[in-house]
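# Working through the structure, step by step
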Amino acid sequence: MGRPARFLGPSPEPIAPVSYTDRLAMTQSQDILMHALIPSARNRPSEDPIFAIHGAALARAAKGEDVIDASLGTLMDEDGGLSVMPTVIRALAQVNPAKAAAYAPIAGERGFNQAVVQEVFGPAGLAQDSLCVATAGGTGALHHAVVNFLERGESLLTTDYYWGPYSTIADQAGRGVQTFRMFNAERRFDLAALEQGLHELAGRQERILLILNFPCHNPTGYSLGGAEWRDVVQILRGVDRSKPMAVVLDLAYAKFGAPGTDAWVHHIADLAQDIPILAAWSASKSFAQYGARIGGLVVAHGDAEERTRIGNALSYTCRGTWSNCNHLGMLAITELLSHPELRASVDRDRDALLSMLGERVEIFNREAVQHGLHYPRYEGGFFVTIFTSDPIQTAQRCQADGVFVVPIRGAVRVALCATPKAQVARLVASLASGVQGLQGAIQ
Ligand SMILES: Cc1ncc(COP(=O)(O)O)c(C=O)c1O
C-alpha cells in the first residue's frame, strides 16, 4: 500500500470525552497555556481517510500507472471524467444573476422547499403534511436532524455499516452513535437486530432518532425490498410510545436505485401520522452537483402545530449554522424540479447515467458470482462492499494490483460509480485475489 490505510471502519473510535473537572485541571496546567484549542479538538485527524486513499491513487496514476480508483463516491463517466448532467449546467447558467447574488431566505426559497417536499413525499400524498428547510447538502440535513431530535449525550441509532460522517456530525454536536447489526447470516437486513437496537436504546435514553440510508445504502449498496420495508414499519409501530421517536431516511443515493426501490415512501407514509418522518434530501448525487451544496431536510408529520414547531426549530438551526444556503444552486434546482420540460430533460440526463451505472453493476454481479465473492444483494447505487476478515490486507493486496478500495470494518468498500465498465472485470479479479485465503465474514 502506498500509504497506510488509517480508515478502519465506518465507526471510527470516538475521541474520549473530557469531563469538566479534567478540563479545568488542564486549563490550570502549563500545557493548556500553550494551546488555545480546546482539548477535544486538539487531536483531530488532518485528512479524510477516503480522500487519502484517493490521493494515493492519483499519485500512482501520475507516475504513469494504470490504476483503478474505486475509492471516491462521485459518479465518473467511462473516460474517467466527472459525470455531469447537461440540463443542470444549462439551468445554472440561466439563473438571474441579480437574484442569485442576493441572500436566500434563512430556511430556503419557498419555491425550492415546496418543490423538494413534492419530490420526496408527493408520490405518497404527504406533501400537505410536510415541510422542508434548505440545507447545505444532505450532510446539513443530517446535522439539523441530529441537533434537533436528540439531546446532548444521547445517541442516534443506525446500521453497523454506515457513512462515517454520521459519527463526525454526532461527535461534534455532543451526541453519539449506537448501531445494530445490519446483516443476518443470509446477508439480508437484520430485522431482529433493528428491533433489539430500538428496544435497548429506548431503555437507555429519553428519545430515539433512527437513521436509515435506503435506497442504495453507503457503503454496502443494499436497498430494502418491499417485504423488508413492511417489516421495518411494523417494528417501528411496536416501539414503546412513551419515548418520542423520529426516523430519518438518508436519500443521498436514492435516485440511483433499481426500479421499484422508490416504493419506500408508500410503505412509510402511514407512520407519518404519529412519528415525524424526516428525509435528508440532496442534489449532490441526484443532480451530479456535489459542489453546489444543495439539500433539504424534509419533514412529514400529521400534527400541524408540531410541524410549525419543527419548522421554527430547523430554521433557527439554519441561522445558527450557515445563515442561508447557496442561492444560485437553489434557484436552478427549483426550476429543474418544477418545470415539466426541464424536469423531463434532466430525468433523461439522469437515466443515461443510470444505465451507465447499471451496466457496471451487471458486469460486477456476473464476475463477482463467478469468483465467489461474499457481498450483500447489490442491484444499484454507487457502492458495494465485499466482506473480508482482513480488510486492510485485502485493500493492500488490491493496491499492489493498482486497485484502490476503502477498507472498513469487516469489508472493503468498492465505488462502482467511479469504475469504468471496461475495468470492472479487472477490479473483481483483484478483489478475488485480495480476499483469497481470508474469510468472507458477514461483518
Ligand atoms: C450516505 C450519505 N449520506 C449523505 C451524504 C451527503 O452528501 P451531501 O452533503 O453532498 O449531500 C453522503 C455523501 O457522500 C452519503 O454518502
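Not measured: the values here are computed from a predicted model. (Residues numbered from 1 in each chain as written. Predicted model: local features only at pLDDT ≥ 70, side-chain atom pairs only at ≥ 80, totals over all residues.)

## Some thoughts on helix α7 (residues 137-149)
The cut-off we apply is this: Helical segments are the DSSP runs of H or I of at least four residues, strand segments are the runs of E of at least two, and each set is numbered from the N terminus. Expected span, for any helix, means 1.5 Å times one less than how many residues it has. To sort residues by exposure, count the other C-beta atoms lying within 10 Å of each residue's C-beta; 20 or more gives buried, 12 or fewer gives exposed, and values between give partly exposed, all with C-beta atoms placed from the backbone.
For α7, which comprises 13 residues, the first-to-last C-alpha distance of 19 Å matches the rise-based estimate of 18 Å (1.5 Å per residue) to within 8%. Burial analysis of α7 places 12 of its 13 residues in the buried class, the great majority of the element. Among all positions in α7, only G137, G138, T139, G140, A141, L142, H143, H144, A145, V146, V147 and F149 are buried.

## Let's talk about the confidence of the model for the chain
Going by this rule: pLDDT runs from 0 to 100 and stands for how confident the predictor is about each residue. A pair of residues counts as a contact when their C-beta atoms, built from backbone coordinates, are within 7 Å of each other.
With 92% of its residues at a pLDDT of at least 70, the chain reaches an overall mean of 91. A low-confidence stretch, residues 1-21 (pLDDT under 50), is modelled with 46 contacts involving residues beyond four sequence positions or located in other chains.

## Overview of helix α17 (residues 424-435)
The test is simple: The directions from the helix axis to the C-beta atoms are what the arc is built from.
With 12 residues, α17 should reach 16 Å at 1.5 Å per residue; the first-to-last C-alpha distance of 17 Å fits that figure. By the burial criterion, the buried members of α17 are V424, L427, V428, S430, L431, G434 and V435. One side of α17 carries all its buried residues, which in axial view fall inside an arc of 160 degrees. One or two residues past the end of α17 sits G437, with phi positive at roughly 80 degrees.

## Quick word on the nonpolar core
Note the threshold: Joined through C-beta atoms within 7 Å, a set of buried Ala, Val, Leu, Ile, Met, Phe, Trp, Tyr and Cys residues constitutes a nonpolar core. As annotated, the domain borders come from an automatic or database domain assignment.
In this structure, L209, V247, L278, V298 and V414 are the most contacted members of the largest nonpolar core, which totals 130 residues. Built from parts of two domains, this core gets at least three residues from each of domain 1 (46-75 + 346-435) and domain 2 (87-338). If we ignore the near neighbours within four places in the chain, the residues touching V414 are A70, F383, V384, T385, I386, V405, L427 and L431.

## Section: the sheet that holds strand β9 (residues 383-387)
Our working definition: At least two DSSP bridges between two strands are required for those strands to pair. Where helices are involved, their axes are fitted lines through C-alpha atoms of the stretch in contact, as for all axes, and angles between N-to-C directions lie from 0 to 180°.
In space, the 3 strands of this open sheet follow the order β9-β12-β11, with antiparallel pairing throughout. Both edges of this open sheet fall to β9 and β11 (406-408), since each of them pairs with a single strand only. Across the sheet, the mean angle separating the axes of adjacent strands is 30 degrees when strand polarity is ignored. Here β9 runs beside strand β12 (residues 411-415); their pairing, made up of 5 bridges, is antiparallel. Bridging across to β12, V384 finds its partner in V414.

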